[in-house]
Amino acid sequence: MPIIKILPHPEYCPNGAEVSASAGTSICEALLDNNINIEHACDMSCACTTCHVIVREGMKSLNEIDESEEDLLDRAWGLEPNSRLSCQAILAQADVTVEIPKYSINHAKENH
């Protein structure tokens, strides 16, 4: 079972965290299942960028990025070459380390 290491984020996990998830699970689902309430304004339908994460380690263990995700990422705040939408980044067997950007393009947060 892969481990997701989440680097410290002042709002979502101030001390950082490590969670385990089954292969085939998206990073977003794994975080939400472990009470790390990352934004996901489109309910994980690949229609926004609020669940944007930066994969610091383990990028090769995730599924390939598709064109619709690439197009959306162009609008994400703090885009980096190893950025992914966490709702589209599916875990394989290897561990990953992610950073949740400080900001998102969302002006208002909703409780999901």
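Everything below is about the structure printed above this text.
These remarks concern the structure in this document. Just so we're clear, the structure is a prediction, and the values are computed from it rather than from any experiment. (Residues numbered from 1 in each chain as written. Predicted model: local features only at pLDDT ≥ 70, side-chain atom pairs only at ≥ 80, totals over all residues. Heavy atoms only, no water.)

## Some remarks on the overall build of the chain
Heads up, the condition is: Helix and strand definitions here come from DSSP, where helices need a minimum of 4 consecutive H or I residues and strands a minimum of 2 consecutive E residues; each element is numbered from the N-terminal end. In this treatment the radius of gyration is a C-alpha quantity, and the globule benchmark scales as 2.2 Å times the residue count to the 0.38 power. Burial status follows relative accessibility: with a 1.4 Å probe on protein chains alone, a residue under 20% of its type maximum counts as buried, one over 50% as exposed, and anything between as partly exposed.
Summing up its helical and strand segments, the chain has 2 helices and 5 strands in all. Written out in order from the N terminus, the α and β elements of the chain read β-β-α-β-α-β-β. Computed over its C-alpha atoms, the radius of gyration of the chain comes to 13 Å, within 12% of the 13 Å expected for a compact globule of 112 residues. The C-alpha extent of the chain, read off along each of the three principal axes, is 35 × 30 × 20 Å. Counting over 112 residues, the chain shows a buried share of 43%.

## What to know about the pattern of salt bridges
Inclusion rule: Any Lys or Arg side-chain nitrogen found within 4 Å of a carboxyl oxygen on Asp or Glu counts as a salt bridge.
In total, this model carries 3 salt bridges according to the counting rule given. Put simply, Glu-80 and Arg-56 hold a salt bridge, and the shortest N to O gap is 2.8 Å. Taken together, the residues span a long stretch of sequence, with Glu-80 in the loop between α2 (67-73) and β4 (83-85) and Arg-56 in strand β3 (residues 52-57) at a distance of 24 residues. With a closest N to O distance of 2.8 Å, Arg-56 and Glu-99 form a salt bridge. A residue pair is termed long-range when its members are at least 10 positions apart, and Arg-56 in strand β3 and Glu-99 in strand β5 (residues 96-99) qualify at 43 residues. For Arg-56, a relative accessible area of 33% gives the class partly exposed.

## Focus: unusual backbone geometry
Even without a glycine there, the phi angle at Asp-43 is positive, about 55 degrees. Within the secondary structure layout, Asp-43 lies in the loop between α1 (27-33) and β3.

## Notes on the pairing of strand β1 (residues 3-6)
Note the threshold: Paired strands are those between which DSSP finds at least two bridges.
Residues Ile-4 and Ile-6 of β1 are buried on one face, while the alternating residues Ile-3 and Lys-5, pointing to the opposite face, are not. For β1 and strand β2 (residues 17-20), the ladder comprises 4 bridges, and the chain directions are antiparallel. Note that in β2 the partner of Ile-6 across the bridge is Ala-17.

## Quick notes on the nonpolar core
We apply this condition: Put simply, a nonpolar core is a bunch of buried Ala, Val, Leu, Ile, Met, Phe, Trp, Tyr and Cys residues held in one set by side-chain atoms that sit within 4.5 Å of each other. Here, residues are in contact when the closest pair of their heavy atoms is within 4.5 Å.
Among the nonpolar cores identified, the biggest contains 28 residues, and Ile-4, Ile-6, Ile-27, Leu-31, Ile-38 and Ile-100 are the most heavily contacted of them. Secondary-structure elements contributing two or more residues to this core are β1, α1, β3, α2 and β5. The leading source of residues in this core is α1, at 5 residues. With sequence-adjacent residues up to four places away left out, Ile-6 is seen in contact with Cys-13, Gly-16, Ala-17, Val-19, Leu-31, Ile-36, Val-98 and Ile-100.

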